[in-house]
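Residue strings, one per chain:
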Amino acid sequence: MTKIEDYGKYETAWCPGCGNFSLLEAMKSGLVKAGLAPDRVIFVSGIGQAAKAPHYLNANVFNGLHGRALPAATGAKIANHEMSVIVESGEGCCYGEGGNHFLAAIRRNIDIAMIVHDNQIYGLTKGQASPTSQEGMKTKAQPGGVLSERFNPVAVAVAMHAGFVARSFTGMPDHLSDMINLAIRHRGFALVDVLQPCVSFNKVNNFAWYKKRCRELPPDHDPLDWEKAMKIAMEWDEKIPVGVIYKNDRASFCDRLSVLGKGPLAERGVDKKELASILDEYM
Amino acid sequence: MTKIEDYGKYETAWCPGCGNFSLLEAMKSGLVKAGLAPDRVIFVSGIGQAAKAPHYLNANVFNGLHGRALPAATGAKIANHEMSVIVESGEGCCYGEGGNHFLAAIRRNIDIAMIVHDNQIYGLTKGQASPTSQEGMKTKAQPGGVLSERFNPVAVAVAMHAGFVARSFTGMPDHLSDMINLAIRHRGFALVDVLQPCVSFNKVNNFAWYKKRCRELPPDHDPLDWEKAMKIAMEWDEKIPVGVIYKNDRASFCDRLSVLGKGPLAERGVDKKELASILDEYM
Amino acid sequence: MSVRAFNIAIGGEAGQGIVTIGELLSKLLVRSGYHIVVTQSYQSRIRDGHNTFYVRTCPDLIEAPQESIDLLIALDGETIPIHSGKIGAGGLILADEALACEDERCLRIPYKELSKEKFNSTAVLGVASSILGLDREKAAALIGERFGKKHPEDVKENLLALARAFDWAAGNNERSAKFPKVAAGGGGAVQFPKASAGGGARMMMNGNQAIALGAVSAGARFCAFYPMTPSTSVPLTLISIAEKAGLVVEQVEDEIAAVNMAVGASYAGAPSMVATSGGGFALMVEGVSLAGMTETPLVLVVAQRPGPATGLPTRTEQADLGFVLHAGHGEFPRAILTPGTVEECFHLTRRAFFLAEEFQTPVFVLTDQYLADSFRAVEPFDIGSLDFVRPGSGYAHGGGPTGGAAPPGGEAAAGATAGRSGPESGAYLRHALTENGISPRLIPGMSANLVVTDSDEHTEDGHLTEDLEVRILMVEKRLKKSEGLIKKSVPPEYAGDDAPEILLVSWGSSRGPVMEAARALRENGKTTAVLHFSQVWPMAPEAFIKYLDKAGRVVSVEGNATGQLAALIARETGFMIGDRISRYDGRPLTPEYILRKFDSLAGKGSSPGGKE
Amino acid sequence: MSVRAFNIAIGGEAGQGIVTIGELLSKLLVRSGYHIVVTQSYQSRIRDGHNTFYVRTCPDLIEAPQESIDLLIALDGETIPIHSGKIGAGGLILADEALACEDERCLRIPYKELSKEKFNSTAVLGVASSILGLDREKAAALIGERFGKKHPEDVKENLLALARAFDWAAGNNERSAKFPKVAAGGGGAVQFPKASAGGGARMMMNGNQAIALGAVSAGARFCAFYPMTPSTSVPLTLISIAEKAGLVVEQVEDEIAAVNMAVGASYAGAPSMVATSGGGFALMVEGVSLAGMTETPLVLVVAQRPGPATGLPTRTEQADLGFVLHAGHGEFPRAILTPGTVEECFHLTRRAFFLAEEFQTPVFVLTDQYLADSFRAVEPFDIGSLDFVRPGSGYAHGGGPTGGAAPPGGEAAAGATAGRSGPESGAYLRHALTENGISPRLIPGMSANLVVTDSDEHTEDGHLTEDLEVRILMVEKRLKKSEGLIKKSVPPEYAGDDAPEILLVSWGSSRGPVMEAARALRENGKTTAVLHFSQVWPMAPEAFIKYLDKAGRVVSVEGNATGQLAALIARETGFMIGDRISRYDGRPLTPEYILRKFDSLAGKGSSPGGKE
Ligand SMILES: Cc1ncc(C[n+]2csc(CCOP(=O)(O)OP(=O)(O)O)c2C)c(N)n1
Ligand SMILES: Cc1ncc(C[n+]2csc(CCOP(=O)(O)OP(=O)(O)O)c2C)c(N)n1
Ligand code: SF4
Ligand code: SF4
Ligand SMILES: [Mg+2]
Ligand SMILES: [Mg+2]
């Protein structure tokens, strides 16, 4: 049985009071709930404050490029589909630089849990607007206020029939670790957009702002109901729904890759007989 | 008054029978309906069979990189917002390689009409699946059938509150040129996803397939009704709605860029007095 | 030129089946004991335009295309005027009787009748094969195989069409009787050289297929790609054998995804590759740097086409050497293999996988459209002797090209430990500092060890660090691998006279044309040699500088405008190559082209090579 | 070293206001007539960690950082042990009385009391300024300006805190009296040199600000960016003046968007730029090639940081020269300007816009984190004389650096017309073939002419072509522009003795440190000179080869591990530089570092330079 302690405890490079700390703890407890041992998990992250998270627990870690966590994770999953692959990164990384991969991952329904630290700001580069920044919000780089409409990852994911779409908030640690657990267990692409206050740069969407708005979905919410989910996905300003907003049971990418039936790619050698028969075709 | 002939007539590099021909003619008549003279239009395209289209009419043309029509067009529009800027390219270019720019353009609500030749296949590279290819469709590159779910550009655009979202079909030339005209006139980002049979590589979604399914929206359809639009956006297999599915009147990007109030950037020089006052701040 | 070769050109519009006919005819030639060099010339469009499929053929080994044409198979009217000037004395044109053709070398063929308006490709093949004196049974067998798989219902009709075509061309009709069969020789007709019956059976494949097959034989398990001419047939070939070979080939959303996916897959234990061309590769550049930093094995196939930007999508060029060599920010080792033949496409791709695995860094296979699409006759490989890479062993196995580095654990233990403290200490050090810079590599999930790596600068255990003293050690560790890579580099091939008057320097796909041009120069009485690079990086000057020093006149021959190999040689040796033959019109280098350019160079007087 | 400079280090955690204090103190020094060289050393995190802001200052011009510290302002306890070893004889430490500090050089300050627990930065500034003998009124004015804008409500309290701090440090208390004021000199304390009151007023700005201001002064109208350290302050500076200057700065979805947007904007008439660093630039590489092919002016600012991949995001390096030089598939001309000072950041960015406009091709400004963040005192620019680019005129105006090419129309008419026929003939030829390769450029919408361009190979009218003869002309046209670019290249600067024993070769931001190291070597009795490149490409060897040939020992000094400028010089001249001083630990080159490395080189015995 995996215990929280198996995932260790490390010093971080985050600001005191940052929402990332709760998320880190919730991640560990989500992993424990999912019953995963550290060596069976591959964390893939991009670059940003959030993307440092996997360094602060025991696991296999591929900390790649800004915006490119998803493709690297997809490759890792395909190479060894018996491992659990978790993407953990910031919303700038996941929806900004990495926006195209987000669309592709949903379409592939690749068996990855994607946990997004959504602080609605670029933290590591010191406070420019991110794709989820509120329209009108002022920053050093947007002194006249953000002109683009806020990207709503939940709405896009639901509109595209993503396998599993959830939202949570670092101020609700149990809820959050539940969502992480469910996302990890989901067979297919699973998004958890985590509202995470950035105490250094986002003075608008702070802890109190989220606390006031986040509401758990009613227990009778049926995440299989797409139309309902789509409506819920649009809620934001006054009331922000958290929980599993939508899911379906479309076969996952790896389940549909027939080649993987014979075991992980990473464990196979070259079958000389097959090779000979392939080359024969060229005679 | 601009006439169809002003846009000229040229030899193309397309296959006989391709839907691109009707689209080219509809584009010209849409331009005429919009009352645009050739020298007031900038066409921006990417790379692909569709992307060659702007070479076959008289206009300013920037035929850029595969997948990058939107950012180049955005730059051109910002540089001279008094010009009409039209993006014309294939769906592989616009939603595949260029997927991230599609999201960003919607969020910016940049004043561009984007006319997508959607043949549900990569034409120029000889028939691989494109983002909008039907799941399960077999191609040389997907001999076991496409595994990813079809990208629904209309649904994503509506979910993101794009300024203007329409669909048309090359088999309905008048409807198509109307949609183009409306898209050009729309102040903000306007998408027309045009179903365009590819006779060489897409043997599934051919002319008859589209013809059978395409249905004009009822005259009482209210494109301002987001919920309704979202539902309509999901229709596909049996019945494919064409027409203006959704629109809104969010202020366009250029309208919100205060600097443009003083006229096109392309026409301005350096004001030495302002420069002096800027440099004074560094004393 | 003294080569006893014969050049067939099949011309027509896109969509007329030129490639089908060309491939069938090529295969028949190969099965009949001939060598071939195919050159495919096509446009970036699906229909119309003018395309040509050249098959140069000879019983002996040939390795270059030829400009002059001996047999022109014209599928449309446009073809004849485009090519007729290149038809040599006694050459022949095959054309449909319906086509207008004034040329008296033209044999008018009733294809309509022969093909029953349906099996045109087969009829064209039949007539040409018959005229070349190729074996009817072999042709029939080929048609049977080809259509048997895809359209079994059509096999019978095709065989009948073939028979009609053979019969017609064999002279059973008035018009064909006027023309001597090519194979018969004499009568002013060009000699079609007879192949000896005894030639061992050979495979037919083009450069891209050989790359795909080499990759699979070396253990490739994953390929990510976004379609881009002329690279696409690498993944398409892989896809055609994916189920059998047990690999996944994924068409992705963009080239950035491709490279990052391949790096991720390689990290997790699947030998991985990407294949692309210039513009697509441009998007992979950050990922190359990622592979360098995370020390992840990665094979990149870059099939060059003319740039800049979209350029000429279906043509050939060798203008991305400098680009590939410097692609990626920061400093890290890499190797660039540049096959000159289809066999080398196979073997050097294999080598790329072994080098990538051993040195844990990106390795390139740099080819171009000409070689990618060039079919050749290839001797069967000795499958039994072909080893494959085993990721995570951290060192090479058996007799593969990478030889025996130390086993995992040994060197790691010996390395200095700059790892972070805490519960991790004593843990597996993915980036352990070692003598040769190579850290024993483990694969996540394959042991209880945790495998950590980072695109940031990192400590030995793979965790991110901003410790600037660790930085120095890590920079030096990564660069130390260059020394090993140099030792394992393929030295350039020197062929020809000692201390020659003329030394031609070349790389990659130009090998054949340059070798043949050198032979011609030698026959013209000039001592000549070739220094050819099948690997351009890393370069070991001591292996070749003497050849440059001893030659009278050094001429670089490259398919680009700026002389990129010449520049690299100057950089590495200080030797400035004095003369340059460049081609940048999208066509491959040919012996004829080289000789023409050489003549005009010679006219200008020799620029001395050497240090300026 | 004989320079009469004084080095102040402000150390502490991120988030403690180090940069605020550093900038204020620097500004006060500049307003007091001092020169400064600021070096910012920080980590890739927002809070904690250890950061240092160095201000080296001197009444005379200085252009290099210094390692030894004269005054250490410690904002936290960690700072003291980290830096105390570098504090020179007689140096002083300023620290809060609450911090543990055994060091007897430490002056303990009651910040709590002085700052009223709120205005800490002001209190620190006050104590330091007072100790340095800087003018109280000037400091007060500065505080007034600084807080007046953003927090007018706090101005009064800040001024009071400043006064308390000045008073305290002026010796009105027991503890400070034990320490001689630095400015007073004597008593074993380090001399703080007095600036002459008469020094003309100077601006203070760092490299990135100078680039932004240079761009605006040259007529930049559009900048697209995605945040990336250390480039971000270029767009942030532009944003801060965008309304006044009339330009649009757009933060975009990714770097690919940035470069394509800038190319699109430039095509449509707005002089355009991007700013990024290695990893972001990697994503722009395809767009660079697009600018080359479409002949669209584009200025790219690349601020280097250590790679590969994410590397050390907040540190400095000079390892992307080869990358930037070869970035982009295919062959096309470019220029790479490498400013060595903040003034050059301004002027060479201006030059980049003029070159890009004249030659219609990408032009780079290649800097690094050190220079980007290095504040200096800069003489005011003569605004009246600053011309700006006027796109679409197709030629340069007035006295700008690009000089007088032909007016539009003239050469176009003279060019061969390979344009398509039909109603277009006689139309405007965007890519007209001309003598010098430069086609008169028009802007869409500014005339009735239609402006057509293509990333594919194209005819003169900009429409896509697959005509291989046109291809040749177009390749040659584009490359011909290189000749003009070479003529307009900034020749390297040669400074020092004739035919020296030692010649140091450098580029970009290392200029100051190398010059100062050369002076020191000279003072040590060795004839020494520096050959410094403020433009590394294109290179005109005849401008400098003689210096290399005449020097005894040539040593390249670069902030990278592989010697990238040395390699480029070898490639262009055949001259192999024998010795190399490299730095790749993320810190800037310093005179001390160069001298230390030189000593260890010297120990190894001289490797002869020249041709090997
Ligand atoms: C290609 C590239 N572009 C830009 C950067 C610089 N960069 C690093 S982190 C970051 C933003 C991070 O924002 P987010 O993903 O939201 O993470 P956060 O820091 O807010 O947790 C950026 C722009 C980079 N490392 N690589
Ligand atoms: C960066 C890059 N990747 C790949 C290509 C090759 N490419 C050219 S067109 C094309 C697909 C075109 O598909 P689509 O946009 O749907 O246009 P269509 O040809 O179907 O009209 C591809 C993959 C390219 N030119 N550039
Ligand atoms: S910058 Fe913001 S997100 Fe990053 S660690 Fe600090 S508070 Fe957290
Ligand atoms: S390939 Fe398809 S889309 Fe392209 S021109 Fe031919 S039919 Fe049209
Ligand atoms: Mg964020
Ligand atoms: Mg398409």
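None of these values were measured; they are calculated from a predicted model.

Enquirer: Provide a residue-level description of the overall build of chain C, including the pertinent values.
Expert: Along the backbone of chain C there are 21 helices and 21 strands. Expressed as a percentage of the 612 residues in chain C, the buried residues total 70%. For chain C, long-range pairs separated by at least 24 residues make up 74% of all intrachain contacts whose partners lie at least 6 apart in sequence. If you sum the accessible surface of chain C, you get close to 18,000 Å²; carbon and sulfur atoms cover 51% of it.

Enquirer: Quick rundown of helix α17 (residues 468-487) of chain C? Include the residues and the values.
Expert: All names here are of chain C. Along its 20 residues, α17 runs 30 Å from first to last C-alpha, staying within 8% of the 28 Å computed at 1.5 Å per residue. Turning to α17, its buried residues number three or more, namely L468, V470, R471, M474, V475, K477, R478, L479, K481 and L485. Tucked inside the fold, the buried residues of α17 contact α12 (285-294), β12 (335-337) and α14 (342-359). For α17, the side-chain oxygen to backbone nitrogen distance between the N-cap and E469 is 2.8 Å, and the N-cap itself is D467.

Enquirer: Explain the site of ligand 1 residue by residue, including any values.
Expert: Ligand 1 sits among 25 residues. The nearest are Q49(A), A50(A), C93(A), G123(A) and E255(D). In this structure, ligand 1 is bordered by residues of chains A, C and D. G92(A) has a polar backbone atom sitting 3.0 Å from an oxygen atom of ligand 1. Out of a free accessible area of 590 Å², ligand 1 has 98% covered by protein chains. Residue assignment for the shell around ligand 1 shows that the elements contributing at least two residues are α3 (91-97) of chain A together with α11 (278-282) of chain D. Top element by residues in the shell around ligand 1 is α3(A). It accounts for four residues. In terms of residue class, the shell around ligand 1 is built from 10 nonpolar, 10 polar and five charged.

Enquirer: Describe the coordination of the magnesium ion (ligand 6), listing the residues and the values that go with them.
Expert: Residues and elements named next belong to chain B. E91 (OE), N119 (OD1) and I121 (O) make up the full set of protein donors to the magnesium ion (ligand 6), lying at 2.0 to 2.3 Å. The sequence pattern formed by the donor residues of the magnesium ion (ligand 6) is E-x27-N-x1-I. Taken as a pair, E91 in helix α3 (residues 91-97) and N119 in the loop between β4 (113-118) and α5 (153-159) lie far apart in primary sequence, 28 residues in all. The exposure class assigned to E91 is buried, which follows from its relative accessible area of 1%.

Enquirer: I'd like a description of the relation of the copies chain D and chain C, backed by residues and values.
Expert: The two copies are related by a screw operation: chain D maps onto chain C through 180° of rotation and 0.0 Å of translation along the axis, at an RMSD of 0.0 Å. In short, the pair behaves as if placed about a two-fold rotation axis. Interface overlap between copies is the fraction of interface residues in one copy that are interface residues in the other; for chain D against chain C it reaches 98%, indicating a shared surface.

Enquirer: Outline the coordination of the magnesium ion (ligand 5), supporting the account with residue identities and numerical values.
Expert: All names here are of chain A. Looking at the metal site, the magnesium ion (ligand 5) is ligated by E91 (OE), N119 (OD1) and I121 (O), spaced 2.0 to 2.3 Å from it. Read N to C, the donor residues that coordinate the magnesium ion (ligand 5) are spaced as E-x27-N-x1-I. Of this pair, E91 sits in helix α3 while I121 is found in the loop between β4 (113-118) and α5 (153-159), placing the two residues 30 residues apart along the sequence. With respect to burial, E91 and I121 carry one shared label: buried.

Enquirer: Residues and numbers for the confidence of the model for chain C, please.
Expert: Residues and elements named next belong to chain C. Summary statistics for chain C give a mean pLDDT of 90 and a share of 89% for residues scoring 70 or more. Predicted confidence is poor over residues 183-188, with pLDDT under 50, and the contacts of this stretch with residues over four places away or in other chains come to eight contacts. Every residue in residues 395-425 is under pLDDT 50, and counting partners more than four places away or in other chains gives 54 contacts. Here the predicted complex scores 0.96 on pTM and 0.96 on ipTM.

Enquirer: Give me the lowdown on the pairing of strand β13 (residues 362-368) of chain D, citing residues and values where you can.
Expert: All names here are of chain D. Burial within β13 is extensive, with seven of its seven residues counted as buried. Because side chains alternate across β13, one face comprises the buried residues P362, F364, L366 and D368, and the other comprises V363, V365 and T367, equally buried. Summarising the sheet, strand β11 (residues 298-304) and β13 pair through seven bridges and their orientation is parallel. By the bridge assignment, V302 is partnered in β13 with L366.

Enquirer: I'd love a proper account of the sheet that holds strand β12 (residues 335-337) of chain D, names of residues and values included.
Expert: All names here are of chain D. A sheet is described by the order of its strands in space; here seven strands give the open sequence β9-β8-β10-β11-β13-β12-β19, paired in mixed fashion. Strands at the two margins of the open sheet, each flanked by one partner only, are β9 (248-251) and β19 (535-537). Each adjacent strand pair in this sheet contributes to an overall mean axis angle of 20°, direction not counted.

Enquirer: Please provide a residue-by-residue account of the packing of helix α10 (residues 272-280) of chain A against helix α9 (residues 233-245) of chain C, values included.
Expert: It is at 10 Å that the axes of α10(A) and α9(C) come closest, and there the two elements cross at 150°. Of the possible angle classes, the one that applies to α10(A) and α9(C) is roughly antiparallel. Where α10(A) crosses over α9(C), the handedness of that crossing is right-handed. Contact with α10(A), carried on its side by E274(A), S277(A) and I278(A), involves I241(C), K244(C) and A245(C) of α9(C) and no other residues of that element.

Enquirer: Explain the sheet that holds strand β19 (residues 535-537) of chain C to me, using residue names and the numbers behind them.
Expert: Picture the strands of a sheet paired through backbone hydrogen bonds; they go either parallel or antiparallel. Residue and element names in this part refer to chain C. Spatially, β9-β8-β10-β11-β13-β12-β19 is the arrangement adopted by the seven strands of the open sheet, whose pairing is mixed. Lying at the two open borders of the sheet, with one neighbouring strand each, are β9 (248-251) and β19. Neighbour-to-neighbour, the strand axes of the sheet open up by a mean angle of 20°, direction not taken into account. The pairing of strand β10 (residues 272-276) with strand β11 (residues 298-304) spans four bridges and is classified as parallel. The residue of β11 that forms the bridge with T276 is V302.

Enquirer: Give me the lowdown on the domain arrangement of chain C, citing residues and values where you can.
Expert: Residue and element names in this part refer to chain C. Per the domain assignment, the segments of chain C are domain 1 (6-201), domain 2 (205-385) and domain 3 (493-611). A straight line from the C-alpha centre of domain 1 to that of domain 3 covers 35 Å. Each partner contributes to the interface: domain 1 provides eight residues, whereas domain 3 provides 12 residues. Of the roughly 670 Å² buried where domain 1 meets domain 3, counting both sides, 45% is carbon and sulfur surface. Taken as a group, E63, P65 and E67 account for 67% of the area that domain 1 buries against domain 3, more than any other trio of residues on that side.

Enquirer: So what about the packing of aromatic side chains? Which residues, and what values?
Expert: Residue and element names in this part refer to chain B. This model, assessed by the stated rule, comprises 38 aromatic pairs over all chains. With a centroid separation of 5.3 Å and an interplanar angle of 50°, the aromatic rings of F169 and F207 are classed as tilted. Placement of F169 in strand β5 (residues 164-169) and of F207 in helix α7 (residues 207-213) is noted, with a sequence separation of 38 residues between them. According to the relative accessible area criterion, F169 is buried, its value standing at 0%. Among the residues examined, F207 registers a relative accessible area of 42% and is labelled partly exposed. A ring pair is formed by W209 and W236, whose centres lie 6.0 Å apart and whose planes are at 45°; its orientation type is tilted.

Enquirer: Tell me what's going on with unusual backbone geometry, and back it up with residues and numbers.
Expert: Here the residue pair W537(C) and P538(C) is connected by a cis peptide bond, since its omega of -5° sits within 30 degrees of zero. Checked against the element boundaries, P538(C) lands in the loop between β19 and α19 (545-550). Following G307(D), the chain continues into P308(D) via a peptide bond in cis, with omega recorded as -5°. Although it is not a glycine, N109(A) sits at a positive phi angle of roughly 55°. Tracing the backbone through its elements, the reader meets N109(A) in the loop between α4 (99-108) and β4. A residue is classified by how much of its surface remains accessible, and N109(A), at 0% relative accessible area, is buried. One non-glycine residue, Q360(D), adopts positive backbone phi at about 55°. Here Q360(D) is to be found in the loop between α14 (342-359) and β13. Look at Q360(D) and you get buried, because its relative accessible area is 1%.

Enquirer: So what about a positive patch on the surface? Which residues, and what values?
Expert: A surface patch of like charges, here positive, comprises K126(A), K140(A), R146(D) and K150(D). Turning to its location among the elements, R146(D) is positioned in helix α5 (residues 136-150). A relative accessible area of 32% places R146(D) in the partly exposed class.

Enquirer: Can you break down the site of ligand 2 residue by residue, with the values?
Expert: As a structural note, the neighbourhood of ligand 2 is formed by 25 residues, with Q49(B), A50(B), C93(B), G123(B) and E255(C) the closest of them. In the model, an oxygen atom of ligand 2 is placed 2.8 Å from a nitrogen or oxygen of the Q49(B) main chain. At 2.8 Å from an oxygen atom of ligand 2 is found a main-chain nitrogen or oxygen belonging to G123(B). Secondary-structure elements contributing two or more residues to the shell around ligand 2 are α3 of chain B together with α11 (278-282) of chain C. If one sorts the elements of the shell around ligand 2 by residue count, α3(B) sits on top with four residues.

Thresholds applied
- Chains are numbered independently. Their residues run from 1 in the order of the written sequence.
- Written order decides the labels, with chains lettered from A and ligands numbered from 1.
- Given that the model is predicted, a residue must reach a pLDDT of at least 70 before its local features are reported, and side-chain atom pairs must reach 80 or more before they are shown or counted; all residues, however, enter totals for whole chains, interfaces and linings.
- Side-chain calculation: all heavy atoms of the structure are included, whereas hydrogens and water are not.
- Helical segments are the DSSP runs of H or I of at least four residues, strand segments are the runs of E of at least two, and each set is numbered from the N terminus.
- The buried label applies to any residue whose accessible area, calculated with a 1.4 Å probe on protein chains only, is under 20% of its type's maximum; exposed applies above 50%, and partly exposed to all values in between.
- For this analysis, residues touch if any pair of their heavy atoms sits within 4.5 Å.
- Computed with the Shrake-Rupley method and a 1.4 Å probe, the accessible areas treat only the protein chains shown as cover for residues.
- Between the first and last residue of a helix there are one fewer steps than residues, each counted as 1.5 Å, and that sum is the expected span.
- Identification of polar contacts relies on pairs of N or O atoms within 3.5 Å, with a donor-acceptor requirement for protein atoms, meaning one able to donate a hydrogen and the other able to accept it, and with residues adjacent in sequence counted only if both atoms are side-chain atoms.
- One heavy atom within 4 Å of a molecule or strand is enough for the residue carrying it to be called near that molecule or strand.
- Three classes are used: nonpolar for Ala, Val, Leu, Ile, Met, Phe, Trp, Tyr, Cys and Pro, charged for Asp, Glu, Lys and Arg, and polar for all others, with Gly counted as polar.
- Atoms are scored as donors when they are N, O or S and lie within 2.8 Å of the metal, with 3.2 Å used for Na, K and Ca; no water is included, so coordination may look incomplete.
- Here the copies are matched by least squares. The fit uses the C-alpha atoms of residues with pLDDT of at least 70 in both.
- The predictor reports its confidence for every residue as pLDDT, a score running from 0 up to 100.
- For two strands to be treated as a pair, DSSP must find no fewer than two bridges joining them.
- For helices, the fitted line uses only the C-alpha atoms of the stretch in contact; every axis is such a line through C-alpha atoms, and the angle between N-to-C directions lies from 0 to 180 degrees.
- Throughout this description, any angle smaller than 35 degrees is read as roughly parallel, any larger than 145 degrees as roughly antiparallel, any in the 65 to 115 degree range as roughly perpendicular, and the remainder as oblique.
- Left-handed describes a crossing whose near helix is turned anticlockwise from the far helix through less than a right angle; right-handed describes the clockwise counterpart.
- The source of the domain bounds is an automatic or database domain assignment.
- The term buried area refers to how much accessible surface (probe radius 1.4 Å) is lost by two components on association, counted for both of them together.
- Aromatic rings from Phe, Tyr and Trp, with only the six-membered ring used for Trp, were paired whenever their centres fell within 6.5 Å, and each pair was classed as stacked if the ring planes differed by under 30 degrees, edge-to-face if by over 60, and tilted otherwise.
- Like-charged residues are merged into a patch within 9 Å and nonpolar side chains (Val, Leu, Ile, Met, Phe, Trp, Tyr) within 5 Å, provided each residue has over 30% relative accessible area and no salt bridge.
- By definition here, a salt bridge exists when the distance from a side-chain nitrogen of Lys or Arg to a carboxyl oxygen of Asp or Glu is within 4 Å.
- Charged residues are defined here as Lys and Arg on the positive side and Asp and Glu on the negative side; His and the ends of the chain fall outside this count.
- We put the charge of a Lys on NZ, of an Arg on CZ, of an Asp on CG and of a Glu on CD.

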